There are 2 protein chains.
Amino acid sequence: MIYSVRAGLLQLVLNRYRHRMARSIHVRRPATLASLAAELGVSRTTVSNAYNRPDQLSPELRRRVLETARRLGYPGPDPVARSLRTRKAGAVGLLLTENLSYAFRDPAALGFLEGLALACEGAGQGLHLVPVNPEREDVAAVHRAGVDGFVVYSVPDDDPHLAAVLSRPVPTVIADQPHIEGVDRVGIDDRTAITELAQKLINLGHRRIGVVCMRLARDRNDGFASVERQQNAHFHVQRTRLGGLAAAFSTVGVDWASVPVVERFDHSSAMGASAAAQLLDADSQITALICTSDILALGALAEAKRRGLRVPQDLTVTGFDGIIEAERMGLTTVRQPVLEKGKAAGRLLLSPSERTRPRSITLETEFLPGTTAAPPRTTEERWFGP
Amino acid sequence: MIYSVRAGLLQLVLNRYRHRMARSIHVRRPATLASLAAELGVSRTTVSNAYNRPDQLSPELRRRVLETARRLGYPGPDPVARSLRTRKAGAVGLLLTENLSYAFRDPAALGFLEGLALACEGAGQGLHLVPVNPEREDVAAVHRAGVDGFVVYSVPDDDPHLAAVLSRPVPTVIADQPHIEGVDRVGIDDRTAITELAQKLINLGHRRIGVVCMRLARDRNDGFASVERQQNAHFHVQRTRLGGLAAAFSTVGVDWASVPVVERFDHSSAMGASAAAQLLDADSQITALICTSDILALGALAEAKRRGLRVPQDLTVTGFDGIIEAERMGLTTVRQPVLEKGKAAGRLLLSPSERTRPRSITLETEFLPGTTAAPPRTTEERWFGP
DNA sequence: CTGAAAGCGCTAACAG
DNA sequence: CTGTTAGCGCTTTCAG
């Protein structure tokens, strides 16, 4: 069986290797490029060339070098030493706000990650996920990362990890937030996108609204957010979306200070549901719930259902992002091209960075009408039916 | 506003930094630990200590060092040089079969990734995703990765990247497949799990079955898989599951050679659907479709629906993995703890590797009855209704 | 096609 | 608490 043969071969290679290692550990001298050269009686350059520039030596000699390498258990040039010498690590670092694992839960972050991975793959670059332990502020991990550049995905303005990244002498691209002058950026026009959405609701007649948003700062505040807190939010995206809503609704006479905005630290649909509940409990006359993300909106939808409120007849709910699940549910939302965003970030970082930096890429968003927005019911309808 | 103040500060730091860089690029001599020491009139050790062992020098001197560093635009010890010296990269490499981006599509792979990321995070280690361009066999990326160890996730027996990983003198853990003697491993007992599932179907009375499986080798074969191909499959997991099914059904007199097994190269529910169609077209008397993954099973479910076949009354469908979507659909399947698997892989790699290697961790699986399996209809029922 | 020289930037003993 | 000494393992001109 072919399989057996191949597996057997692999096993063989492996055993031989382990054997060498066991010995080298003992001898305390794992083969190195220099020792290999010595053994062969050639210069280090030649051995190096055997690996990196096959055309720089005779096939015969190259064969001999490689053969001897195998015999001595030399695993090829050490990547770290090579990186030090060439000043190239062959990898880009990725910094995320949350636990690494958070990114694997949020569809929008996942889309971004996929796009970025695609770009890296295309360029043969590794993707180094920087471990950010949310408990202790372990900025050290940023300094330890051997990478040629960083992509920073959606962090607060005052993130210490971001500061650490910027202090490193490598190119950096920030996705979404924060906006920092002089640093390459890729994102969307949050202001325009949220304004369009707000206008739709305004046109439908909504004036009494409630807002559910993501965390506004690094401190946890699961509850109402004052106007001041909104304006001082450390997350550019949330700040802009709230600001856009405020501006839009103000034009039709809504006093923003009277609009309840509920914030949630953790980004999950369960939090969206509890936030919606808090809003509805505080003011049962609310006709529309505007959520700054689809995840939260999905939770709001669930809460509405739990209360027996029909959407959109009794309550309008909107989201933001355009994740597949939202689309499947017919959520009224704004779609942003997350995959493209990731690719663009990668391209920006890996492209031959001309001296024309900083560069900024703003991707298009699209309003998705969905089926969860409708004109508000009048008070009468509320009591006596449509 | 606090925000403005902080943002302003960051901006300041940044500008100063860019300024230095612009200059250093010109001078062609970015500050280094040595130059900093010279400037300060102290030894390199002292500067190094200022960063790595704060308790080894007076607070005052340390302050001076750090202050001068800032002034000179010294970004702190170069991570690559440090890695070369300390022989620690502070990161683990992850090798996946497919495009990096594939992992972000498959819920099972994603769960594994999350678990692994969690483990790395906990240990303050970075996670270096190795770029595997499926087109060209770019084994070089494996050699270029500056990591302290590798986790290999579910690759074929003869994967050249795996061979490259094993040739590197760092610890390695293989998740799922292949099984290689002498290499640490974490996985499940596929044989037992699939046997339990097969037994359930057998007990329900199924004898005429069809099987949908994932790719069996590195070459594309979207169609029926001969028994020989099944036995020679280069993917241990698929080989074992098919083998388990064959053994179980043979005990009740089913001739495995007569059981149609359809293979699909790409792992998607669309492929599951087309495979199911192929099976049903070939033999309309099939009473149960056994799929070796939930993704494929979900597709089979869709195809059954498309044909107006009721599940489980007209057709039994089973999966494998226990992804959330499958659970939501009530799929009869086997759940495996993917998150735990990832964590275990990370722990295994990062734990103080005693000389008791190789180690192997086998995680428990759980049969999920679901609602997509039922006794087959008799031929009479098929024609005349229940 | 091959070799000699010159570090890349840093840390780790081990003495003071 | 501070400095001296020695490389980590490799690539890269620049000559032969």
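Residues numbered from 1 in each chain as written. Chains lettered and ligands numbered in written order. Predicted model: local features only at pLDDT ≥ 70, side-chain atom pairs only at ≥ 80, totals over all residues. Heavy atoms only, no water.

Per an unreviewed UniProt entry, the recorded name for chain A is HTH-type transcriptional repressor PurR, and the organism is Kibdelosporangium persicum.

**Comments concerning the overall build of chain A**
Note the cut-off: To qualify as a helix, a DSSP run of H or I must reach at least 4 residues; to qualify as a strand, a run of E must reach at least 2; elements of each kind are numbered from the N terminus. Contacts between residues were defined by any pair of non-hydrogen atoms, one from each residue, lying within 4.5 Å. Computed with a 1.4 Å probe, the accessible areas rest on the Shrake-Rupley method; for each residue, only the protein chains presented here act as cover.
A count of helical and extended segments in chain A gives 17 helices and 13 strands. For chain A, the proportion of contacts with a sequence separation of at least 24, taken over those separated by at least 6, is 70%. Carbon and sulfur atoms make up 53% of the accessible area of chain A, which totals about 16,900 Å².

**Regarding the packing of aromatic side chains**
Short version of the rule: Stacked, edge-to-face and tilted labels apply to pairs of Phe, Tyr and Trp rings (six-membered ring for Trp) whose centres lie within 6.5 Å, assigned for plane angles under 30 degrees, over 60, and everything in between, in that order. Whether a charge sits over a ring depends on NZ of Lys or CZ of Arg being within 6 Å of the ring centre and within 35 degrees of the ring normal.
On inspection of all chains with the given rule, the structure shows four aromatic pairs over all chains. Here A:Arg215 stacks its cationic end above the ring of A:Phe265, 3.6 Å away from the centre of that ring.

**Let's talk about the pattern of salt bridges**
Residues and elements named next belong to chain B. The following threshold applies: What counts as a salt bridge is simple: a side-chain nitrogen of Lys or Arg found within 4 Å of a carboxyl oxygen of Asp or Glu. Relative accessibility under 20% of the residue-type maximum defines a buried residue, over 50% an exposed one, and the middle range a partly exposed one, all with a 1.4 Å probe and only protein chains included.
According to the stated counting rule, one finds 48 salt bridges over all chains in the structure shown. A salt bridge links aspartate 157 to arginine 239, with the nearest nitrogen and oxygen atoms 2.7 Å apart. Of this pair, aspartate 157 sits in the loop between strand 3 (150-153) and helix 9 (160-167) while arginine 239 sits in helix 12 (residues 236-250), and the two are 82 residues apart along the sequence. In this structure, aspartate 157 and arginine 239 share a single accessibility class: buried. Measuring nitrogen to oxygen at the nearest pair gives 3.6 Å for the salt bridge that ties aspartate 158 to arginine 218.

**A look at the protein's contact with DNA strand D**
Using the following cut-off: Nearness of a residue to a molecule or strand requires only that one of the residue's heavy atoms be within 4 Å of it. Two N or O atoms form a polar contact when they lie within 3.5 Å of each other; inside protein one atom must be a possible hydrogen donor and the other a possible acceptor, and for residues adjacent in sequence the pair counts only when both atoms belong to side chains. Three residue categories are used. Nonpolar comprises Ala, Val, Leu, Ile, Met, Phe, Trp, Tyr, Cys and Pro, charged comprises Asp, Glu, Lys and Arg, and polar comprises the others, including Gly.
For DNA strand D, the set of nearby residues contains 29 residues, the closest of which are A:Thr32, A:Leu33, A:Tyr74, A:Arg85 and B:Thr45. The sugar-phosphate backbone supplies 64% of the atoms of DNA strand D found within 4 Å of the protein. With respect to DNA strand D, the side chain of A:Arg85 contributes an N or O atom lying 2.5 Å from a base oxygen. One of the side-chain nitrogen or oxygen atoms of B:Thr45 is found 2.5 Å away from a base oxygen of DNA strand D. Those elements that place two or more of their residues in the surface near DNA strand D are helix 3 (44-52) and helix 5 (79-86) of chain A together with helix 3 (44-52) and helix 5 (79-86) of chain B. A per-class count over the surface near DNA strand D returns eight nonpolar, 11 polar and 10 charged.

**Concerning helix 14 (residues 294-306) of chain A**
Residue and element names in this part refer to chain A. The test is simple: Multiplying 1.5 Å by the helix residue count minus one yields the expected span of that helix.
For helix 14, with 13 residues, the first-to-last C-alpha span of 18 Å sits near the 18 Å given by 1.5 Å per residue. Helix 14 sits mainly inside the fold: 10 of its 13 residues count as buried. Within helix 14, the full set of buried residues consists of Asp294, Ile295, Leu296, Ala297, Leu298, Gly299, Ala300, Leu301, Glu303 and Ala304. Once helix 14 ends, the next one or two residues include glycine 308, with phi positive near 75°.

**Observations concerning the sheet that holds strand 10 (residues 316-318) of chain A**
All names here are of chain A. For clarity, the threshold we go by: When DSSP finds two or more bridges between a pair of strands, those strands are recorded as paired. Here the axes come from fitting lines to C-alpha atoms, over the contacting stretch only for helices, and the angles between their N-to-C directions go from 0 to 180 degrees.
The five strands are arranged 7-8-6-9-10 in an open sheet whose pairing can be described as mixed. The open sheet terminates on both sides in strands that have one partner only, identified here as strand 7 (223-224) and strand 10. Set on the sheet, helix 13 (residues 269-282) makes contact with strand 6 (209-213), strand 7, strand 8 (261-263) and strand 9 (288-291); between it and strand 6 the angle comes to about 155°.

**As for the relation of the copies chain A and chain B**
These two copies of the chain differ by a rotation about an axis and a displacement along the same axis. Threshold: Copy-to-copy alignment: least squares on C-alpha atoms, limited to residues at pLDDT 70 or above in both.
Placing chain A over chain B gives an RMSD of 0.1 Å and needs a rotation angle of 180°, together with 0.0 Å of translation along the axis. Overall, the copies show the geometry of a two-fold rotation axis. Nearest to the rotation axis, the C-alpha of A:His128 is located 2.1 Å from it, this being the minimum over chain A. Comparing interface residues between copies, 100% of those in chain A also sit at the interface in chain B, which points to an isologous, same-surface contact.

**Focus: the pairing of strand 4 (residues 172-175) of chain A**
All names here are of chain A. Definition in use: Note on handedness: a crossover is taken as right-handed if, strands pointing away from the viewer, the path from the first strand over the helix to the second is clockwise.
Burial of the side chains of strand 4 extends over both faces: Thr172 and Ile174 are buried on one face and Val173 and Ala175 on the other. Both strand 3 (residues 150-153) and strand 4 contribute to a ladder of four bridges, which runs parallel. Counted as the bridge partner of valine 151 is valine 173 from strand 4. In this fold, the crossover linking strand 3 to strand 4 by way of helix 9 (residues 160-167) has right-handed handedness.

**Brief notes about the sheet that holds strand 12 (residues 360-363) of chain B**
The 12 strands are arranged 12(A)-5(A)-4(A)-3(A)-1(A)-2(A)-2(B)-1(B)-3(B)-4(B)-5(B)-12(B) in an open sheet whose pairing can be described as mixed. Strands at the two margins of the open sheet, each flanked by one partner only, are strand 12 (360-363) of chain A together with strand 12 of chain B. The mean angle between the axes of side-by-side strands here comes to 20°, regardless of whether they run parallel or antiparallel. Pairing analysis gives four bridges linking strand 1 (residues 91-96) of chain A to strand 2 (residues 126-129) of chain A, with the strands arranged parallel. Considered in strand 2 of chain A, the bridge of A:Leu94 is made with A:Leu129. Running over the sheet, helix 16 (residues 338-350) of chain B touches strand 1 (91-96), strand 3, strand 4 (172-175), strand 5 (184-188) and strand 12 of chain B and is turned about 170° from strand 5 of chain B.

**Re the packing of helix 13 of chain A against helix 14 of chain A**
Residue and element names in this part refer to chain A. Test applied: Orientation is classified from the angle alone, with under 35 degrees giving roughly parallel, over 145 giving roughly antiparallel, 65 to 115 giving roughly perpendicular, and any other angle giving oblique. Two helices that cross are described as forming a left-handed crossing if the nearer one is turned anticlockwise from the farther one by less than a right angle, and a right-handed crossing if clockwise.
Closest axis-to-axis distance for the helix 13/helix 14 pair is 6 Å, and the angle between their directions is 55°. Judged on the interaxial angle alone, helix 14 and helix 13 are oblique. Seen from above, helix 13 lies across helix 14 with right-handed handedness. Counting all contacts with helix 13, which are made through Ser269, Met271, Gly272, Ala273, Ala276 and Ala277, the residues of helix 14 involved are Ile295, Leu296, Leu298, Gly299, Ala300 and Glu303. Split by residue class, the contact of helix 13 with helix 14 holds eight nonpolar, three polar and one charged.

**Section: the state of the cysteines**
All names here are of chain A. The test is simple: Throughout, disulfides are identified as pairs of cysteine sulfur atoms within 2.5 Å of each other.
In total, this model carries zero disulfides over all chains according to the counting rule given. No disulfide involves cysteine 213; its nearest neighbouring cysteine sulfur is the one of cysteine 291, lying 9.8 Å away. Overall, the relative accessible area of 0% leaves cysteine 213 in the buried class.

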